[in-house]
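This is what each chain is made of:
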Amino acid sequence: MKTHQFFLLPFFFTGFPSADSISPNETRPKKAKLLKIKNENNALLLKKSNFDRALKETKYLLVELYVSLSQSSQNFSEEFAEAAQQLKTAAPRIQSGKTDVTYQPDLRKVNCQEFPTVKFFVDGSREDPIDCKGVRQASAFITWVKRRTGPSTVLINSTDEAEAIINADDLAVTGFFKELHSDSVEIFCETARDVPEMPFGMIASEDVCANYGIQKNTLVVLKKGKPVHNEVLEDDRQNKLDLMRLIKNFTLGLVTEYNFETSVKIFDVLVENHILLFAPTNQEMFSAIYENYKSAAANMNAKIMFALVDINEPRNGVFEYFRIREVDVPAVRILNLTSEAMYKMPADEVTVENLKEVCQSELNGKARLDPSSEEIPEDWDKMPVKAPVGKNFNRTVFDKTKTVFVSLLCFLSVISYDCRKFLPIWDELGERYESHTDIIIAKTDVTANYILSVGLTPPFFRLFPAGPDYQEVSYAGEHTLEAFSEFLEEQNETKAEAGEKDPFAGIKEVSQKETVIMEKEV
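Below you will find a few notes about this structure. All chains use their own residue numbering, which begins from 1 and follows the written sequence. Since the coordinates come from a predicted model, pLDDT governs what is reported: local features require at least 70, and pairs of side-chain atoms require 80 or more to be given and counted, while whole-chain, interface and lining totals use all residues. Side-chain metrics in this entry use all non-hydrogen atoms of the structure; hydrogen atoms and water are not considered.

1. Looking at the overall build of the chain
Okay, so step 1: Labels follow the DSSP assignment, with helices taken as runs of H or I lasting at least four residues and strands as runs of E lasting at least two, numbered in each case from the N terminus. Of regular secondary structure, the chain possesses 16 helices and 22 strands.
Okay, so step 2: Burial classification: accessible surface area is computed with a 1.4 Å probe over protein chains only, and a residue below 20% of its type maximum counts as buried, one above 50% as exposed, and the rest as partly exposed. Put simply, the chain has 522 residues, and 45% of those count as buried.
Okay, so step 3: Long-range contacts, defined as pairs at least 24 residues apart, comprise 71% of the intrachain contacts of the chain with a sequence gap of at least 6.
Okay, so step 4: In these tables, accessible area is a Shrake-Rupley quantity obtained with a 1.4 Å probe, and a residue counts as shielded only by the protein chains included in the view. When the accessible surface of the chain is totalled, it reaches about 28800 Å², and 50% of it is carbon and sulfur. Contacts between residues were defined by any pair of non-hydrogen atoms, one from each residue, lying within 4.5 Å.

2. Observations concerning the sheet that holds strand E4 (residues 94-100)
Okay, so step 1: Strand order in the open sheet formed by 6 strands is E1-E2-E4-E3-E5-E6, and the pairing between neighbours is mixed. Each edge of the open sheet carries a strand with a single partner, namely strand E1 (39-40) and strand E6 (130-131).
Okay, so step 2: Here, strands pair whenever DSSP counts at least two bridges between them. Both strand E3 (residues 60-66) and strand E5 (residues 117-122) contribute to a ladder of 6 bridges, which runs antiparallel. Each bridged residue has a counterpart across the sheet, and for Val63 the counterpart in E5 is Lys119.
Okay, so step 3: Lying on the sheet, helix H4 (residues 138-149) is in contact with E3, E4, E5 and E6; it crosses E5 at an angle near 25°. Only the stretch in contact is used when fitting a helix axis, every axis being a line fitted to C-alpha atoms; angles between N-to-C directions are given from 0 to 180 degrees.

3. What about the packing of aromatic side chains?
For any pair of aromatic rings, the description consists of the separation of the ring centres together with the inter-plane angle of the planes.
Okay, so step 1: A pair of aromatic rings is counted whenever rings of Phe, Tyr or Trp (Trp by its six-membered ring) have centres within 6.5 Å, and the orientation is called stacked for planes under 30 degrees apart, edge-to-face for over 60 and tilted otherwise. Counted under the stated rule, the structure contains 22 aromatic pairs.
Okay, so step 2: On the numbers, 5.5 Å between centres and 70° between planes, the contact of Phe177 with Phe188 is edge-to-face. Of the two residues, Phe177 is situated in the loop between strand E8 (171-176) and helix H6 (183-193) and Phe188 in helix H6; the sequence distance between them amounts to 11 residues. Neither residue differs from the other here; Phe177 and Phe188 are each classed as buried.
Okay, so step 3: Site record: aromatic cluster; members linked through ring pairs are Phe405, Trp426, Phe461, Tyr475, Phe484 and Phe487.

4. Considering the pairing of E4
The two faces of a sheet get side chains in turn, since along a regular strand they alternate between them.
Okay, so step 1: Of all 7 residues in E4, 6 are buried; the element is thus mostly enclosed.
Okay, so step 2: Of the strand pairs in this sheet, strand E2 (residues 43-45) and E4 are connected by 2 bridges, and their pairing is parallel. By the bridge assignment, Leu44 is partnered in E4 with Gly97.
Okay, so step 3: In terms of strand pairing, E3 meets E4 through 7 bridges, oriented parallel.

5. Observations concerning the pattern of salt bridges
Pairing of side chains with opposite charge becomes possible as their charged atoms draw close.
Okay, so step 1: Criterion for a salt bridge: a side-chain nitrogen of Lys or Arg within 4 Å of a carboxyl oxygen of Asp or Glu. Taken as a whole and judged by the stated rule, the model has 15 salt bridges.
Okay, so step 2: Notably, a salt bridge pairs Arg245 with Asp242, separated by 3.6 Å at the nearest N-O pair. With Arg245 and Asp242 both in helix H8 (residues 240-248), this residue pair falls 3 residues apart, about one helical turn.
Okay, so step 3: The exposure class assigned to Arg245 is partly exposed, which follows from its relative accessible area of 29%.
Okay, so step 4: Among the salt bridges present, the one from Lys294 reaches Glu291, with a minimum N-O distance of 3.6 Å.

6. What about the sheet that holds strand E15 (residues 331-336)?
The strands making up a sheet associate through backbone hydrogen bonding, with each pair oriented either parallel or antiparallel.
Okay, so step 1: Taken together, 5 strands build an open sheet; the order of strands is E12-E14-E13-E15-E16 and the sheet is mixed. Each of the sheet's edge strands pairs with one partner strand only, and the pair in question is strand E12 (256-257) and strand E16 (342-344).
Okay, so step 2: In this structure, E15 lies alongside E16, joined through 3 bridges in antiparallel fashion. In the sheet register, Ile334 faces E16, and the bridge partner there is Tyr343.
Okay, so step 3: Each of strand E13 (273-279) and strand E14 (305-310) touches helix H10 (residues 286-300); the most contacted strand, E14, lies at about 160° to it.

7. Quick look at a negative patch on the surface
Okay, so step 1: The patches reported here contain residues having more than 30% relative accessible area and no salt bridge. Joining distances are 9 Å for like charges and 5 Å for nonpolar side chains (Val, Leu, Ile, Met, Phe, Trp, Tyr). We treat Lys and Arg as the positive residues and Asp and Glu as the negative residues; His and chain ends play no part in the count. By convention, the point assigned to a charge is CZ for Arg, NZ for Lys, CD for Glu and CG for Asp. On the surface, a cluster of negative charge is contributed by Glu179, Asp183, Glu186, Asp235 and Asp236.
Okay, so step 2: Note on placement: Glu186 falls in helix H6.

8. Let's talk about the nonpolar core
Okay, so step 1: For the purposes of this section, nonpolar cores are sets of buried Ala, Val, Leu, Ile, Met, Phe, Trp, Tyr and Cys residues that join through side-chain atoms within 4.5 Å. Ile275, Leu277, Phe306 and Leu355 are the most contacted members of the largest nonpolar core, which totals 22 residues.
Okay, so step 2: Listed by contribution, the elements that provide at least two residues to this core are E13, H10, E14, E15 and helix H12 (352-363).
Okay, so step 3: Leaving out residues up to four positions away in the same chain, Leu355 has contacts with Ile275, Asn292, Tyr293, Ala296, Val332, Met345 and Val350.
Okay, so step 4: Core analysis: the second largest hydrophobic core is formed by 20 residues, Leu171, Val185, Phe188 and Leu219 among them.

9. Considering unusual backbone geometry
Okay, so step 1: A positive phi angle, close to 55°, is found at Asn41, a residue other than glycine.
Okay, so step 2: Note on placement: Asn41 falls in the loop between E1 and E2.
Okay, so step 3: At Asn42, a position not held by glycine, the phi torsion is positive, near 65°.
Okay, so step 4: Within the secondary structure, Asn42 is located in the loop between E1 and E2.
Okay, so step 5: Here Asn42 falls in the partly exposed class, since its relative accessible area comes to 24%.

10. Looking at the environment of Thr99
Okay, so step 1: Tracing the chain through its elements places Thr99 in strand E4.
Okay, so step 2: Separated by 54 residues in sequence, Thr99 and Leu45 have C-alpha atoms that sit 6.1 Å apart.
Okay, so step 3: Setting aside chain neighbours within four positions, we find Thr99 in contact with Leu46, Glu64, Leu65, Tyr66, Gln104 and Leu107.

11. Section: the packing of H10 against H12
Okay, so step 1: With their axes 9 Å apart at the nearest point, H10 and H12 run at an angle of 40° to one another. Here the hand of the crossing between H10 and H12 comes out right-handed. Residues Asn292, Tyr293, Ser295, Ala296, Asn299 and Met300 of H10 form the contact with H12, whose participating residues are Val352, Leu355, Lys356, Cys359, Gln360 and Leu363.
Okay, so step 2: Gly counts as polar in this scheme, as do all residues outside two lists: the nonpolar Ala, Val, Leu, Ile, Met, Phe, Trp, Tyr, Cys and Pro, and the charged Asp, Glu, Lys and Arg. Taken together, the residues that form the contact of H10 with H12 break down as 7 nonpolar, 4 polar and 1 charged. Take the far helix as your reference; a near helix turned counterclockwise from it by less than a right angle gives a left-handed crossing, and one turned clockwise gives a right-handed crossing.

12. Describing the environment of Val154
Okay, so step 1: Here Val154 shows up in strand E7 (residues 154-156).
Okay, so step 2: With 47 residues separating them in the primary sequence, Val154 and Gly201 have C-alpha atoms 4.7 Å apart.

13. Comments concerning empty space enclosed by the protein
Okay, so step 1: In the cavity and pocket records, a cavity denotes points on a 1 Å grid over the protein atoms alone where a 1.4 Å probe fits but cannot get out, a pocket denotes an open set with protein on both sides within 12 Å along at least 5 of 7 lines, and lining residues are residues with an atom within 4 Å of a point. Grid points are joined across faces, edges and corners, and a volume is the space filled by probe spheres set on the points. For the coordinates displayed, the defined rule picks out 5 cavities of 30 Å³ or more.
Okay, so step 2: Here the second largest cavity defines a volume of roughly 80 Å³.
Okay, so step 3: What lines the second largest cavity is simply Gly134, Glu197, Lys248, Thr251, Lys265, Asp268 and Val269.
Okay, so step 4: By residue class, the composition of the lining of the second largest cavity is 1 nonpolar, 2 polar and 4 charged.

This is the structure in structure tokens:
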């Protein structure tokens, strides 16, 4: 037996052909090759099935996410295509890609809140892409990417180099520093990464600093080669947001006309308070009003963003948001972006004095909220659907003995169709719950009644549950009778089964203070 084992073992290892040995008449099976991701205008066409693969194959991936039917997306895409073409030669290691989220809804989930937008993915990671916010021009895209993958500023060693940077563009920023290792230098460089619209230079040469008469760490903003602002930099005094706000103020004029192209820039400047003048630019009275408006803007020293809304241009939602009617113009409104509070200039005449007064009141925290409200109709609560106005809205919806489901509507001509076509369904809902003493179905016209934080595209739906411990809930489901009813029943069951299931599954929860109504008790 041992002898057999001795001879059988070698035969076991050598008597069969190896897996690698292939006869001359056989062919090795070919591995299937992955098809290349389709390319259009120098950008990969990305979708759910190839997105992760594109990330793995590319160290740097700059992705445009857009909505094809949107005019703003179309304008944006032209600039992005130009940037993709230039990046192909200027920075070949950076790959461009794009996806229409209309047809790729799963890709909306990459930390996107609005479209069009651009995200920058690094090292194949899908988590936490860098937001290319506020960039809208091809040249700025390229600068932004280069500053993200390399130095964000140019180190200046001579006066000639300084002059070259200063005169390279309409706007330029230079930082004068005693030495290059400080918190101020780090914040300066971080700021440069997110302001690609202008060149940034950094100077640490004593001779160059002395030539410009700079003795302290200083940021200088230059316009057409001339200094327009000097900001002394001190460690722990300024942060990146402060410097961005300061610098971006100079990218716009004293007054900026609001439209599709400028809206991003206006909100990207990071000024908390915005004042808007609604006026027809083609009428004789406009010139005098506009001169007063510019004079007031000059006096505010960039503390408030001054914008002009031409009532002859497409409205794009801004008229509806501020509840401006053509009979109201010229009109002035102030918006605080932090609190979303809206203020109306008390005086009707647009003079420099009146403008300065309302602006200073806002800066001092003394401006009065716009108290727009209709008078309370005698029959506001006589129909199945109740109709509270601004003056009695709070008393109606915050009645803790009743659950109130309210639709917030807008009847301005531009979007009234969407609200009116839905009204018969809401009336049916009111009839269905008319006999429920603990449920109120209501509606309010936000055109004539000021309600804060309701968004830009009515109708909106809010549920105010009965009881002291339940928060306001925003409804975002289908606009059908059954969907509304199911939502109401679920909310009632939630109260009865306290804690047994998530009452807000699929529903956005908002705090009670997000709905603020200027109410006068009568």
